[in-house]
Amino acid sequence: MSDLHEPVLAWYDEHARELPWRSTAAGPWSVMVSEFMLQQTPVARVLPVHEQWLRRWPTPAALAAETAGEAVRAWGRLGYPRRALRLHAAATTIVERHGGQVPASYDDLRALPGIGDYTAAAIATFAHGRRHVVLDTNVRRVLARVATGEEFPAAGVTKGERTLAAELLPEDEPTAATWSVAVMELGALVCTAANPRCPACPLADLCAWRAAGHPAYDGPPRRAQAWAGTDRQCRGRLLAVLRDTEGEVTAARLDAAWSEELQRARCLAGLVEDGLVVRTPRGTYALP
DNA sequence: GAGCCGTGGTA
DNA sequence: TTACCAAGGCT
């Protein structure tokens, strides 16, 4: 399967997007911030917020010196605001335990809040040039199609998947790093979830899914994410009020943001529990 | 391992 | 319009 390398690397050399966190001028912190923001969030929406963050907090120490609430506020509408909390906490740990430098080792990164297997491998690879299996949704989809002949990978990462990805990883460290970002980019731009651009794919002639005639996905249905009326929507509404207000917010303001009382109370308690909101002694609410 | 956690763009 | 989904992590 190592005959996949050359076509993918050549394609990446020609078609890679120029992104701020890929610039030679970008440091490990820029990469780390981007990886947090890109968790489940499209590049287009990350770009402006990433730029603001790096300008305001050019180092982990700069972010750590702020309150967590300012990180949540600056997160804006990227979604999953607990990521902002975790990034702030990770920056604090980096200052306290790593001399203010983003760690290069997978294990050190993996131990930070908000960093799971993917993000640890991604930062070690993209920020420090280390050699790790970087298995995100893009890579998984490309491998499922090219090697397994299925349209989509299983719900969770399988052992076989990880083994395959490890076998495909080039031995040479810098080449492995380029390969990892190249396969991700191929999945993001060509081998997309919907309407893949097979005619533009450098692996078209080697692709098992294409050879099989693009059979439709027949695995278990992926349950749609409910939204309207859910706690997630309610939490989003409540936090938006806090984000868009300097200082404290009265309970009445939050009452106005969501009419269903029981659900509102449950969600507010959840936000406090998560550390995204604090209740003041006066009974008002604020960002931490 | 399944469920939960935001948001907005696209077809 | 509804449904899908976009560089996951945590419990």
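As the structure is a prediction and not an experimental result, all values here were calculated from the model. Each chain carries its own residue numbering, running from 1 in the written order of its sequence. Working convention: letters from A go to chains and numbers from 1 go to ligands, in the order in which they are written. In view of the model being predicted, local features appear only for residues whose pLDDT reaches at least 70, and side-chain atom pairs are presented and counted only at 80 or more, with totals across whole chains, interfaces and linings using the full set of residues. Side-chain descriptors were evaluated using all non-hydrogen atoms of the structure, hydrogens and water having been removed beforehand.

1. Let's talk about the environment of Gly-236
- Tracing the backbone through its elements, the reader meets Gly-236 in helix α13 (residues 231-243).
- With 157 residues separating them in the primary sequence, Gly-236 and Gly-79 have C-alpha atoms 8.3 Å apart. A run of H or I in DSSP counts as a helix once it spans at least four residues, and a run of E counts as a strand once it spans at least two, with each numbered from the N terminus.

2. Observations regarding the UniProt feature "domain: HhH-GPD" (unreviewed entry) in chain A
- UniProt positions are given in the numbering used here, feature names are shortened, and annotations may be inferred rather than shown by experiment. Taken from the UniProt record, the annotation "domain: HhH-GPD" (unreviewed entry) applies to residues 37-189.
- With 66% helix and 0% strand, the stretch residues 37-189 has end C-alpha atoms that lie 19 Å from each other.

3. Notes on the protein's contact with DNA strand B
- Around DNA strand B, a shell composed of 18 residues is seen, among which Arg-45, Arg-77, Pro-81, Arg-82 and Arg-235 lie nearest.
- It suffices for a single heavy atom of a residue to lie within 4 Å of a molecule or strand for the residue to be listed as near it. Restricting the count to atoms of DNA strand B within 4 Å of the protein gives a sugar and phosphate share of 60%.
- Two N or O atoms form a polar contact when they lie within 3.5 Å of each other; inside protein one atom must be a possible hydrogen donor and the other a possible acceptor, and for residues adjacent in sequence the pair counts only when both atoms belong to side chains. Between Arg-82 and DNA strand B, the recorded distance is 2.7 Å, taken from a side-chain N or O atom to a sugar or linking oxygen.
- For the surface near DNA strand B, the secondary structure elements donating two or more residues are α6 (82-97) and α13.
- When residues of the surface near DNA strand B are assigned to their parent elements, the largest contribution, five residues, is made by α13.
- Across the surface near DNA strand B, the residue classes tally to four nonpolar, five polar and nine charged. Throughout this entry, Asp, Glu, Lys and Arg are counted as charged residues, while Ala, Val, Leu, Ile, Met, Phe, Trp, Tyr, Cys and Pro are counted as nonpolar. The remaining residues, Gly among them, count as polar.

4. What to know about the packing of α13 against helix α15 (residues 261-274)
- Look at α13 against α15: their axes get within 9 Å of each other, and the N-to-C directions meet at 70°. By the angle between their axes, α13 is roughly perpendicular relative to α15. α15 is crossed by α13, and the crossing has right-handed handedness. Each of Asp-231, Cys-234, Arg-235, Leu-238 and Leu-239 in α13 lies in contact with α15, whose residues at this interface are Gln-263, Arg-264, Arg-266, Cys-267, Leu-268, Gly-270, Leu-271 and Asp-274.
- The class makeup of the residues in the contact of α13 with α15 is six nonpolar, two polar and five charged. Here an angle of 0 to 180 degrees is reported between the N-to-C directions of two axes, which are lines fitted to C-alpha atoms, with helices fitted over the stretch in contact. Throughout this description, any angle smaller than 35 degrees is read as roughly parallel, any larger than 145 degrees as roughly antiparallel, any in the 65 to 115 degree range as roughly perpendicular, and the remainder as oblique. In this scheme the handedness of a crossing depends on how the near helix is turned from the far one: anticlockwise by less than a right angle means left-handed, clockwise means right-handed. The criterion used for residue contact is that any of the two residues' heavy atoms lie within 4.5 Å.

5. Considerations on the nonpolar core
- Take the buried Ala, Val, Leu, Ile, Met, Phe, Trp, Tyr and Cys residues and link them wherever side-chain atoms come within 4.5 Å; each set so joined is a nonpolar core. Relative accessibility decides the category of a residue: with a 1.4 Å probe and only protein chains considered, values under 20% of the type maximum give buried, values over 50% give exposed, and everything between is partly exposed. The biggest cluster of nonpolar side chains holds 48 residues, and the ones touching the most others in it are Trp-29, Met-32, Trp-53 and Leu-87.
- Elements supplying a minimum of two residues to this core: α2 (28-38), α3 (43-56), α5 (68-75), α6, α8 (117-128), α13 and α15.
- For this core, the element with the most residues is α6, which contributes six residues.
- Domain ranges listed in this record stem from an automatic or a database domain assignment. Composition of this core by domain shows at least three residues from each of domain 1 (2-128) and domain 3 (231-286).
- Leu-87 has contacts with Trp-29, Met-32, Val-33, Phe-36, Trp-53, Leu-63 and Trp-75, leaving out every residue within four places of it along the chain.

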